[in-house]
Amino acid sequence: MRVPDYPAADAQEWSAVDGYFADMLAPSDADLNAALAANADAGLPVQDVTATQGKMLALFIKMAKASRVLEIGTLGGYSTIWMARALPADGRIVTIEAKEQHAKIAHANIARAGLADRVDIRVGAALDVLPSLEGPFDLIFIDADKPNNPYYLQWALRLAKPGTVIVLDNVVRGGAVIDAASEDATIRGVRECLRMMAEEPRLSSTAIQTVGEKGWDGFALAIVEAK
Ligand code: DHB
Ligand code: MG
């Protein structure tokens, strides 16, 4: 069993159910397994989306008929592979990774999966890279350093168009999100980003809690409304 981010009494059952769903609906394969193995070998933090979450991102891409995707936070490219596979033949993902070592591993994982021509990895701090990008993107997945979430949401809005789907990972953090007095920069970043989502007239948003292999966390989902 993967070590959950947020330990809980029921974590083993959550993980078992996740395994059952993943085996049935989001089965792994040689390239996904190889990516996770390469990430582990290189000592990358185990913060990838789960298989069922990867499949969910793939389904969001299909539902939104997205062909231009932006990912903020590549890590080893596991989520990138799930999303790239869901794209139409002419679809592309731009994915931003701050750490050169992570980007190298991601590149190898993505190339092994035969997806190098669909994925453009940009190495650098996201706030340095984002101003160089040209939108609009159809789906934007924010999954990088949480304290900067409010800035990433601002950039997402700049790089969006009506109909763009925005997904923000890790908004529950074992329930810590409801601590209004938290001085943890991660929690403050998540809370400020959610507040911005709520107040932004261009966005219609929700947040969903999840339990599973990673413990208790969740994601926020938003769409940019027509003008
Ligand atoms: C952390 C970051 C993630 O993106 C994630 O999915 C889980 C945990 C973290 O920083 O702890
Ligand atoms: Mg995450």
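This text follows the structure it describes.
Summary of the structure given here. (Residues numbered from 1 in each chain as written. Chains lettered and ligands numbered in written order. Predicted model: local features only at pLDDT ≥ 70, side-chain atom pairs only at ≥ 80, totals over all residues. Heavy atoms only, no water.)

**A look at the packing of aromatic side chains**
What counts, and what does not: Any Phe, Tyr or Trp ring, taking Trp's six-membered ring, that has another such ring centre within 6.5 Å forms a pair; planes under 30 degrees apart are called stacked, those over 60 apart edge-to-face, and the others tilted. For every residue, the accessible area (1.4 Å probe, protein chains only) is compared with the maximum for its type, and the residue is labelled buried under 20%, exposed over 50%, or partly exposed between those bounds. Two thresholds decide whether a charge sits over a ring: the Lys NZ or Arg CZ must be within 6 Å of the ring centre and within 35 degrees of the ring normal.
What the rule picks out here adds up to two aromatic pairs. Here Y20 and F21 contribute two aromatic rings whose centre-to-centre distance is 5.7 Å and whose plane-to-plane angle is 40°, an arrangement assigned as tilted. For Y20, a relative accessible area of 52% gives the class exposed. Directly above the aromatic system of F137 lies the positively charged group of R68, at a separation of 4.4 Å from the ring centroid. Between the NZ or CZ atom of R158 and the centre of the ring of W155, over which it lies, the distance is 4.3 Å.

**Concerning the site of ligand 1**
We count it as follows: Summary of the distance rule: residues count as near a molecule or strand when at least one heavy atom falls within 4 Å of that molecule or strand. Here a polar contact is taken to be a pair of N or O atoms separated by no more than 3.5 Å, where protein atoms must pair a possible hydrogen donor with a possible acceptor and residues adjacent in sequence count only if both atoms sit in side chains. For the accessible areas, the method is Shrake-Rupley and the probe is 1.4 Å, while residue cover comes only from the protein chains on display. For this classification, Asp, Glu, Lys and Arg are treated as charged, while Ala, Val, Leu, Ile, Met, Phe, Trp, Tyr, Cys and Pro are nonpolar and the rest, including Gly, are polar.
Near ligand 1 you find D5, Q47, D143, K146, D169, N170, R173 and K214, and these make up its full shell. Between ligand 1 and the protein, one listed contact pairs an oxygen atom with a side-chain N or O atom of K146 at 2.9 Å. Against a free-state accessible area of 290 Å², the protein chains account for coverage of 80% of ligand 1. Class assignment of the residues belonging to the shell around ligand 1 gives a composition of no nonpolar, two polar and six charged.

**Focus: the coordination of the magnesium ion (ligand 2)**
Ideal values for angles at a metal depend on the geometry: 109.5 degrees with four tetrahedral donors, 90 or 180 degrees with six octahedral donors. Cut-off, in case you're wondering: Distances decide who is a donor: an N, O or S atom must be within 2.8 Å of the metal, or within 3.2 Å for Na, K and Ca. Water is not included, so sites may look incomplete.
Bound to the magnesium ion (ligand 2) are the protein donor atoms D143 (OD), D169 (OD) and N170 (OD1), situated 2.0 to 2.2 Å from the metal. Taken in chain order, the donor set of the magnesium ion (ligand 2) reads D-x25-D-N. Exposure class is identical for D169 and N170. Each is buried.

**Quick word on the packing of helix α3 (residues 51-63) against helix α4 (residues 78-86)**
To keep it simple, the criterion reads: Only the contacting stretch of a helix is used when fitting its axis, a line to C-alpha atoms as for every element, and angles between N-to-C directions run 0 to 180 degrees. For helices the rule is a DSSP run of H or I covering at least 4 residues; for strands it is a run of E covering at least 2, with both sets numbered from the N terminus onward. Two helices cross in a left-handed way if the nearer one is turned anticlockwise from the farther one by less than a right angle. They cross in a right-handed way if the turn is clockwise. Contact between two residues is taken to exist if any of their heavy atoms lie within 4.5 Å; hydrogens are not considered.
Packing of α3 against α4 brings their axes to within 8 Å, and their N-to-C directions diverge by 35°. Taken as a pair, α3 and α4 cross one another with a handedness that is right-handed. Residues A51, G54, K55, L57, A58, I61 and K62 of α3 lie in contact with α4, whose contacting residues are Y78, S79, W82, M83 and A86. Tallied by class, the residues present in the contact of α3 with α4 amount to eight nonpolar, two polar and two charged.

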